[in-house]
Amino acid sequence: MAEKARVAILISGRGSNMAALVYAAKAGDCPYEIVLVASNDPAAPGLALAEAEAIATCAHPHKGLTREAHDQIMHDAIVRSGAEYVVLAGYMRILSDGFVQKWADRMVNIHPSLLPKYKGLDTYQRALDAGDRVAGCSVHLVTPQLDDGPILAQTEVAILPGDDADSLASRILIAEHQLYPATLARYVTREADPEWILDQVRKRALALEETHERESFGSPGWRVGSEKTGKYFAYFTQKLHGEASVGLLVKTSGLDEQAALIDADPELYYAPKFYGKSGWIAIRLDLGRTDWDHIADWLAKSWRLVAPKRLTRMIDIADQF
Ligand code: GRF
């Protein structure tokens, strides 16, 4: 199994979600390990549990510090722990924009409502007062706006007749303890998920001028030009049992360039079976080291080789200077 992703958890209190993550991480096939539990409250009960489980802890009160200064202390502790991801689990602090930016796409939170409903506090009572039939919990990426980032997963929890805020909260908490470890596992392994990889390619291919997607022999491909006369400049390949599982096919200037690339990096490049003779090259996207800017460059280069003159004329002129 690939190396485990290193995770720091931030808490302020009870830490039951933290406990759920800690115990999930004990499974041999869990793709993450907990390397730090940090708190702004030295008395947070969750810290004692983390210590008992031999996980490094760090507590630093925020009293008397600016938000930025306190966030910086937490940030430094997280970096020292070697964590690549930050998981908020009942961390009752509004985070500074600077901290959020440093952990963009690598910080998640759990919130006890079906977002975008009921951001902030008092979510259970608000769901009851609204007469909702279902409540639930959401795991989302953290962005500067409170409880507002892209939602990764949700669990619906039925509201029962006679529920009050406490009874509803305790049932939602059971759902949280299931949802958080599973969602985190999926998130930290997303780069190996062919659907995620395809999305990365798609958004870069479609960002090029006059491109559209069309399937070719069951694989997504991207063409430049009109729907009628467009030409393919890239294909996505996914072979489940073949040697290479996920790759991108783009055009090179010809067989010489194709051979030179394979020679220079035989792990990254290979000649695709059905297109190889025409100078197409396949680039592996499943090695865990994909440089997405490099892929964007490849897509642009391949696009340019087949795009109609009226689209490339300006670029050709610019190139002469
Ligand atoms: C949970 O309800 C969570 O949804 C919210 O804060 C609470 C934390 O509980 N963000 P615990 O400390 O994990 O037990």
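Notes on the structure in this doc start here. (Residues numbered from 1 in each chain as written. Predicted model: local features only at pLDDT ≥ 70, side-chain atom pairs only at ≥ 80, totals over all residues. Heavy atoms only, no water.)

### A closer look at the overall build of the protein chain
Alright, step 1. For the protein chain, the helix and strand inventory stands at 10 helices and 13 strands.
Alright, step 2. Reported as C-alpha extents along the three principal axes, the dimensions of the protein chain are approximately 65 × 45 × 45 Å.
Alright, step 3. Per-residue burial over the protein chain gives 47% buried out of 321 residues.
Alright, step 4. Accessible surface for the protein chain amounts to roughly 16900 Å². Of this, 54% is attributable to carbon and sulfur atoms.
Alright, step 5. Charged side chains of the protein chain number 35 positive and 43 negative; the gap between the two group centres comes to 5 Å. (Helix = DSSP H or I, 4+ residues; strand = E, 2+ residues; numbered from the N terminus. Buried < 20%, exposed > 50% of the residue type's maximum accessible area, 1.4 Å probe, protein only. Areas by Shrake-Rupley, 256 points an atom, 1.4 Å probe, with all protein chains shown as cover. Lys, Arg positive; Asp, Glu negative; His and termini not counted. Charge placed at Lys NZ, Arg CZ, Asp CG, Glu CD.)

### Brief notes about the sheet that holds strand 7 (residues 151-158)
Alright, step 1. Here seven strands make up an open sheet; going across it, the order is 3-2-1-4-5-6-7 and the pairing mixed. The two strands at the open ends of the sheet, each matched to only one other strand, are strand 3 (57-59) and strand 7. Averaged over all pairs of adjacent strands, the angle between strand axes in this sheet comes to 20°, irrespective of strand direction.
Alright, step 2. As defined by bridge partners, strand 1 (residues 5-11) adjoins strand 2 (residues 32-39) across seven bridges and the pair is classed as parallel. Within the sheet, the bridge partner assigned to Ile 9 lies in strand 2 and is Val 37.
Alright, step 3. Across the sheet, helix 1 (residues 16-24) touches strand 1, strand 2, strand 4 (85-88) and strand 5 (107-111), and the angle it forms with strand 2 is around 155°.
Alright, step 4. Against the sheet, helix 6 (residues 165-188) makes contact with strand 1, strand 2, strand 4, strand 5, strand 6 (134-141) and strand 7, and its axis sits at roughly 155° relative to strand 7, the strand it touches most. (Pairing = 2+ DSSP bridges. Axes fitted to C-alpha atoms, helices over the stretch in contact; angles between N-to-C directions. Contact = heavy atoms within 4.5 Å.)

### Comments concerning helix 7 (residues 194-206)
Alright, step 1. In this model helix 7 runs 18 Å from its N-terminal to its C-terminal C-alpha over 13 residues, within 8% of the 18 Å that 1.5 Å per residue would give.
Alright, step 2. Among all positions of helix 7, only Ile 197, Leu 198, Gln 200, Val 201 and Ala 205 are buried. Along the axis of helix 7, the buried residues cluster in a sector spanning 155°; they form a single face. Residues of helix 7 that are exposed and angled more than 90 degrees away from the buried face: Glu 195 and Lys 203.
Alright, step 3. If you follow the buried residues of helix 7, they end up packed against strand 8 (211-216), strand 9 (219-224), strand 10 (231-238), strand 11 (246-251) and helix 9 (292-306).
Alright, step 4. A side-chain oxygen of the first residue of helix 7 lies 3.0 Å from the backbone nitrogen of Glu 195; this N-cap is Asp 193. (Expected span 1.5 Å × (residues − 1). Arc of directions from axis to C-beta. Polar contact = N/O pair within 3.5 Å; in protein donor to acceptor, adjacent residues only side chain to side chain.)

### Comments concerning unusual backbone geometry
Alright, step 1. The omega torsion of the bond from Leu 115 to Pro 116 falls at 10°, within 30 degrees of zero and hence cis.
Alright, step 2. Structurally, the position occupied by Pro 116 is in the loop between strand 5 and helix 5 (123-129).

### A closer look at the layout of surface pockets
Alright, step 1. Each pocket or cavity is described by its volume, and for the largest pocket that value is around 920 Å³.
Alright, step 2. Along its surface, the largest pocket is lined by 37 residues, and Gly 90, Tyr 91, Met 92, Asn 109 and Ile 110 are the ones closest to its centre.
Alright, step 3. Broken down by secondary-structure element, the contributors of at least two residues to the lining of the largest pocket are helix 1, strand 5, helix 5 and helix 6.
Alright, step 4. Looking at the lining of the largest pocket element by element, the count peaks at four residues for helix 6.
Alright, step 5. Taken together, the residues of the lining of the largest pocket break down into 17 nonpolar, 14 polar and six charged.
Alright, step 6. Partitioning the lining of the second largest pocket into residue classes produces nine nonpolar, two polar and nine charged.
Alright, step 7. For the lining of the second largest pocket, the two domains that each supply at least three residues are domain 1 (5-191) and domain 2 (194-319). (1 Å grid on protein atoms, 1.4 Å probe; cavity = no way out; pocket = protein on both sides within 12 Å on 5 of 7 lines; lining within 4 Å. Points joined across faces, edges and corners; volume = space filled by probe spheres on them. Nonpolar A, V, L, I, M, F, W, Y, C, P; charged D, E, K, R; others polar. Domains from an automatic or database assignment.)

### A word on the sheet that holds strand 12 (residues 269-270)
The strands that make up a sheet are held in pairs by hydrogen bonds between backbone atoms, and each pair lies either parallel or antiparallel.
Alright, step 1. Taken together, six strands build an open sheet; the order of strands is 8-9-10-11-13-12 and the sheet is antiparallel. The open sheet terminates on both sides in strands that have one partner only, identified here as strand 8 and strand 12.
Alright, step 2. Lying on the sheet, helix 8 (residues 255-264) is in contact with strand 12 and strand 13 (280-284); it crosses strand 13 at an angle near 25°.

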